[in-house]
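Remarks on the overall topology
As a plain string of letters, each chain reads:
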There are 2 protein chains.
Amino acid sequence: MAIQKKLSLMIPGPTPVPERVLQALGSHPIGHRSKDFQNIVSSTSENLKWLHQTQNDVLTITGSGTAAMEAGIINTLSKGDTVICGENGKFGERWVKVANSFGLKVITIKAEWGKPLNPNDFKEILEKDHKKEIKAVILTHSETSTGVINDLEKISSYIQNHNHALSIVDCVTSIGACNVATDDWKLDIVASGSQKGYMIPPGLSFVSVSDKAWKACETSDLPKFYLDLKSYKKSLLSDSNPFTPAVNLFFALDEALKMMREEGLQNIFARHERHKRAISYAMQALDLKLFAKDNHLSPSVTAIETKSFDAELFRKLIKEKYDILLAGGQDHLKGKIFRIGHLGYINDKDIISVISAVGLTLIEESNLSNDSLGKALKKAKACLMQ
Amino acid sequence: MAIQKKLSLMIPGPTPVPERVLQALGSHPIGHRSKDFQNIVSSTSENLKWLHQTQNDVLTITGSGTAAMEAGIINTLSKGDTVICGENGKFGERWVKVANSFGLKVITIKAEWGKPLNPNDFKEILEKDHKKEIKAVILTHSETSTGVINDLEKISSYIQNHNHALSIVDCVTSIGACNVATDDWKLDIVASGSQKGYMIPPGLSFVSVSDKAWKACETSDLPKFYLDLKSYKKSLLSDSNPFTPAVNLFFALDEALKMMREEGLQNIFARHERHKRAISYAMQALDLKLFAKDNHLSPSVTAIETKSFDAELFRKLIKEKYDILLAGGQDHLKGKIFRIGHLGYINDKDIISVISAVGLTLIEESNLSNDSLGKALKKAKACLMQ
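Reading the values: the criteria
Counting starts from 1 at the beginning of each chain's written sequence and moves along it residue by residue. To label them, take the chains in the order written and letter them from A, then take the ligands in the order written and number them from 1. Only residues with pLDDT of at least 70 get local features here, since the model is predicted, and only at 80 or more are side-chain atom pairs given and counted; chain-wide, interface and lining totals rely on the full set of residues. By definition, any uninterrupted DSSP run of H or I lasting at least four residues is a helix, any uninterrupted run of E lasting at least two residues is a strand, and each is numbered from the N terminus. Using C-alpha atoms as the atom set, the radius of gyration is obtained and then compared with a globule rule of 2.2 Å times the number of residues to the power 0.38. Contacts here follow a simple rule: the backbone-placed C-beta atoms of the two residues must lie within 7 Å. Each domain span listed reflects an automatic or database assignment of domains. Three categories are distinguished: nonpolar for Ala, Val, Leu, Ile, Met, Phe, Trp, Tyr, Cys and Pro, charged for Asp, Glu, Lys and Arg, and polar for the others, with Gly belonging to the last. Think of it this way: DSSP has to see at least two bridges between two strands before they count as a pair. Comment: axis = line fitted to C-alpha atoms, over the contacting stretch for helices; angle = value between 0 and 180 degrees taken between N-to-C directions. We place the copies in one frame by least squares, fitting the C-alpha atoms of every residue whose pLDDT is at least 70 in both. Think of it as a crowd count around each C-beta: if 20 or more other C-beta atoms lie within 10 Å the residue is buried, if 12 or fewer it is exposed, and in between it is partly exposed, with C-beta placed from the backbone throughout. Note that the term roughly parallel is reserved for angles under 35 degrees, roughly antiparallel for angles over 145, roughly perpendicular for angles of 65 to 115, and oblique for everything else. Two helices crossing with the near one rotated counterclockwise from the far one by less than a right angle form a left-handed crossing, whereas a clockwise rotation gives a right-handed crossing. For a helix, the expected span equals 1.5 Å multiplied by the residue count minus one. The arc in question is traced by the directions running from the helix axis to the C-beta atoms. The term nonpolar core means buried Ala, Val, Leu, Ile, Met, Phe, Trp, Tyr and Cys residues held together as one set by C-beta atoms within 7 Å.

A few words on the overall build of chain A. Within chain A, the secondary structure is distributed over 14 helices and 14 strands. Over its C-alpha atoms chain A spans a radius of gyration of 21 Å, differing by no more than 12% from the 21 Å that the globule rule assigns to 386 residues. Principal-axis analysis of the C-alpha atoms places the extent of chain A at approximately 65 × 55 × 35 Å. Taking the contacts inside chain A whose residues are at least 6 apart along the sequence as the reference set, 72% of them involve residues at least 24 apart.

Structural data, given as structure tokens:
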């Protein structure tokens, strides 16, 4: 049991939670229709806008990131609408499934898992759509399953040129890790989840909704009730929620957003960039191959190929010996990659300890040289000092 | 701020949370795909079945009680299906709205707010339905908005006689407070929420699903993804969840269910019964009128009429002077009733303190005699000692 209590989460969610936030989480609940709770909703709403770099409404749903993405899709679209879905990983796949479940016509733009989506693929299809039949472009910014970041800014610019389709973007592992300039990039729906860059446990999810998206909500005919964003918007006018929200997770959210403001958005992004670089250089110094290319690495999670050994066994050893939980590969990648989450409340110590744990395990299991581990740590240090 | 930290919640949710449960809640999260978390899901699933008195699957959704009810409705029914909705309060009204949102044909059986639904109304309509067009009967067991309990056992027996319609029941403030005999009463869908009898904060909701309801799921054509119960069932086979669940609320749930098993189901019901009786007798001894009749009182919440004074002002005084949060009336009852929640982690001290606070405020504001307060407390004591 002692081991469990000092587990380091280095998976792409749930991410580690600061003590300040855990203490807030573990407080006695208050009434969700009270003035005290309205004050919390008011504070979190303002800070969510700051985090999203937007003047749009940012709504909070008690549910997972999938609930937030589904809400974005079913509130703005109607049965039979044509949408583009970008698919280069498990989450891209999921949004295709959601779109199909609700009777949308899906044009899929694919890239191999581990590769980024090609923005030109979007450009071409959107430019050919003279009849403006494409109602939305649904894609994932940071593909958690493969550690790839897609070029959202560029793809969004093509959506702007189309001048009709909405952008509905899964920013679950990019918000709070790298730049997501909602207003500058004119993103219509941005969905995210609490157990990621937000540094709080899972259970809340977030949807920012542009004016253009609200207009689309007026004509959307897909049935909904719990995920009807109009009721969240209406409640937010009085700093409230349409349904009983996860009150204690709001306490945690409030505290975590305050911590994020104390650190500052640019500092948060820079920290994630340093950690990403440290991990990627160090892994290569350990003779491991990154699953994604250098210039498309997610700021939150790095996937590493394990051709010569079983990734699941490797993860198990790291957990048992060092109390560090890594993520495995999903679906066909199970056993073939492991993923290091470096998202949220992660410091330099976490980075050097995970590199050390990976290196020590390789020394024991794969005859890696001591020298390689020393070099890997030195490379990491150089990145961390930048 | 000191006041907030010793607030007593005597509203019908969120309810007070035991320290053991808060400590579990405030623990560092773990991975939701880990063996450690599977153990928790396995434990909570078993204990949820115990609490629901059922062999049916009991699924846990990250969301509010409304999400659980909506899941029950949209997974078992198809567009255009005819349903009966019982409506004698705000939650009954809500299920009519949900049913309408999803294109169901709704036959509404109403009772005045504060009165119970008449089981014979259900019997008559169901008996006349020779073509078996009625696919489901949707109703609320304990109507939180008015403090009325409906005779679910009897209504369910009429649904059984119909031999076709499913029962879809909101047991949000009855589960863990009074007898909800899921299997004995042959309830098909039972929905509930964590911030009630479960003694944990809001954020999780529960749906028990009978075999008959699972059969109906196979033909249901209403679109869903996040609330698709089939994916929850599939995941539960491996003690898992289809989407990232509220991990820390699962910690809390696990601890709270263990506490409930330690107390025992019959003891829990008896405690709620004693508290309900103590409150109802005492309020009448304070010259207040109960909003619901004696034989239809909810085990979880008592609504009290305030003809001679403003209920909202009264609640405010009680909160400011005694740090006890009471609930107000909803919609047209705002200002006209207040509600005392006595659901979940409530002990005798809570009961005598709320009676004292109400009495003292009446002495100050409405010239109640000291003697009446003494009598009210004595009446309460007699109930508590039974």
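Back to the write-up after that little detour.
On to the domain arrangement of chain A. Residues and elements named next belong to chain A. In terms of domains, chain A is made up of domain 1 (19-262) and domain 2 (265-384). Here the C-alpha centroids of domain 1 and domain 2 sit 28 Å apart. Broken down by class, the residue content of the side of domain 1 that touches domain 2 amounts to eight nonpolar, 11 polar and three charged.

All names here are of chain A. In space, the seven strands of this open sheet follow the order β2-β10-β9-β8-β5-β3-β4, with mixed pairing throughout. Strand pairing shows two members of the sheet lacking a second neighbour, β2 (57-62) and β4 (105-110), which therefore form its edges. On average, each strand axis in the sheet is tilted by 20° relative to the strand beside it, whichever way the strands run. Sheet topology places strand β5 (residues 134-140) next to strand β8 (residues 166-170); five bridges connect them, and they run parallel. Considered in β8, the bridge of Thr140 is made with Asp170. Strand contacts of helix α3 (residues 35-52): β2, β9 (189-193) and β10 (204-209), with the helix running at about 115° to β2, the strand carrying the most contacts. Each of β8, β9 and β10 is contacted by helix α8 (residues 211-219), which is oriented at about 105° to β8, the strand it contacts most.

With that settled, the discussion passes to the relation of the copies chain A and chain B. It takes a turn of 180° to lay chain A on chain B, together with a shift of 0.0 Å along the axis; the resulting RMSD is 0.0 Å. Taken together, the turn and the small shift mark the pair as related by a two-fold rotation axis. Minimal C-alpha distance to the rotation axis in chain A is attained by Gly26(A), lying at 2.2 Å. Most of the interface of chain A is mirrored in chain B, where 100% of its interface residues again form contacts.

As a further point, take the pairing of strand β2 (residues 57-62) of chain B. All names here are of chain B. Of all six residues that make up β2, six are buried, and the element is covered over most of its length. Both faces of β2 are covered, namely the face carrying Asp57, Leu59 and Ile61 and the face carrying Val58, Thr60 and Thr62. Examined bridge by bridge, β2 and strand β10 (residues 204-209) share six bridges and lie antiparallel to one another. From the neighbouring strand, Thr60 faces β10, where its bridge partner is Phe206.

Axes are the key here: two packed helices are described by the angle between their axes and the distance separating the axes. All names here are of chain B. One way to put it is that helix α11 (residues 265-285) packs onto helix α14 (residues 370-384) with a least axis distance of 8 Å and a crossing angle of 160°. Classified by the angle between their axes, α11 and α14 sit roughly antiparallel to one another. Relative to α14, α11 is oriented so that their crossing is right-handed. When α11 is examined against α14, the residues Arg274, Arg277, Ala278, Tyr281, Ala282 and Ala285 are found in contact with a partner set consisting of Ser372, Lys375, Ala376, Leu377, Lys379, Ala380, Cys383 and Leu384. When its residues are assigned to classes, the contact of α11 with α14 shows nine nonpolar, one polar and four charged.

Right, let's talk about the interface of chain A and chain B for a bit. Contacts between the two partners involve 47 residues from chain A, matched on the other side by 47 residues from chain B. Elements represented by at least two residues in the side of chain A that touches chain B include exactly α2 (19-25), α4 (65-76), α5 (90-101) and α10 (247-263) of chain A. Tallying contributions element by element places α4(A) first for the side of chain A that touches chain B, with four residues. Of the residues that constitute the side of chain A that touches chain B, the class distribution is 24 nonpolar, 20 polar and three charged.

This part covers helix α5 (residues 90-101) of chain B. All names here are of chain B. For α5, spanning 12 residues, the distance from its first C-alpha to its last is 16 Å, which sits close to the expected 16 Å at 1.5 Å a residue. Of the positions making up α5, those classed as buried are Phe91, Gly92, Arg94, Trp95, Val98 and Ala99. With its buried residues spanning 155° around the axis, α5 presents them on a single face. Turning to α5, the residues buried within the fold contact α4 (65-76), β3 (82-87), β4 (105-110), β5 (134-140), β6 (142-143) and β8 (166-170). Of the residues flanking the end of α5, it is Gly103, one or two places downstream, whose phi is positive at about 75°.

Moving on to the environment of Arg261(B). Residues and elements named next belong to chain B. Its location among the elements puts Arg261 in helix α10 (residues 247-263). Look at Arg261 and you get partly exposed, because 14 C-beta atoms sit within 10 Å. It is 37 Å that separates the C-alpha atoms of Arg261 and Pro223, two residues lying 38 residues apart in sequence. Those residues within four positions of Arg261 in sequence are excluded, and the remaining contacts are Asn47 and Trp50.

Right, let's talk about the nonpolar core for a bit. Ile138(A), Ala191(A), Val207(A), Ala282(A), Ile138(B), Ala191(B) and Val207(B) are the most contacted members of the largest nonpolar core, which totals 211 residues. Aside from chain neighbours lying at most four places away, what touches Ile138(B) is Ile73(B), Val83(B), Ile84(B), Cys85(B), Trp95(B), Ala99(B) and Ile168(B). The next biggest cluster of nonpolar side chains, apart from the first, holds 45 residues, and it includes Val148(B), Ala327(B), Leu343(B) and Ile355(B).

Residues and elements named next belong to chain B. Direction vectors running N to C along helix α12 (residues 311-322) and helix α13 (residues 348-366) enclose 115°, while the axes themselves pass 10 Å from each other. When the axes of α12 and α13 are compared, the pair comes out roughly perpendicular. Where α12 crosses over α13, the two elements pack in a sense that is right-handed. Across the interface between the two elements, Phe314, Leu317, Ile318 and Tyr322 of α12 pack against Ala357, Val358 and Thr361 of α13. A per-class count over the contact of α12 with α13 returns six nonpolar, one polar and no charged.

Turning our attention to the environment of Asp350(B). All names here are of chain B. As for its position among the elements, Asp350 is in helix α13. Owing to 19 C-beta atoms within 10 Å, Asp350 belongs among the partly exposed residues under this scheme. Not counting the four nearest positions on each side in its chain, Asp350 is found in contact with Ser8 and Met10.

Residues and elements named next belong to chain A. As summarised here, the arrangement of the five strands in space is β1-β13-β14-β12-β11, forming an open sheet in which the pairing is mixed. Taken across any chain shown, the strands that pair with only one partner, and hence form the sheet edges, are β1 (8-10) and β11 (289-290). Across five bridges, the pairing between strand β12 (residues 301-305) and strand β14 (residues 337-341) is antiparallel. The residue bridging Ile304 from the neighbouring strand is Phe338, located in β14. Contacting β13 (324-328) and β14, helix α12 (residues 311-322) crosses the sheet at an angle of about 165° to β13.

This part is about unusual backbone geometry. Between Gly13(A) and Pro14(A) the backbone carries a cis peptide bond, its omega angle lying at -5°. Within the secondary structure, Pro14(A) is located in the loop between β1 and α2. Look at Gln53(B): it is not a glycine, yet its phi comes out positive at around 50°. Along the chain, Gln53(B) turns up in the loop between α3 (35-52) and β2. C-beta crowding within 10 Å serves as the criterion here: with 19 such atoms nearby, Gln53(B) is assigned to the partly exposed category. The phi dihedral of Asp287(B) is positive, around 65°, even though this residue is not glycine. If you trace the backbone, Asp287(B) turns up in the loop between α11 and β11 (289-290). When the 13 C-beta atoms within 10 Å are taken as the criterion, Asp287(B) is described as partly exposed.

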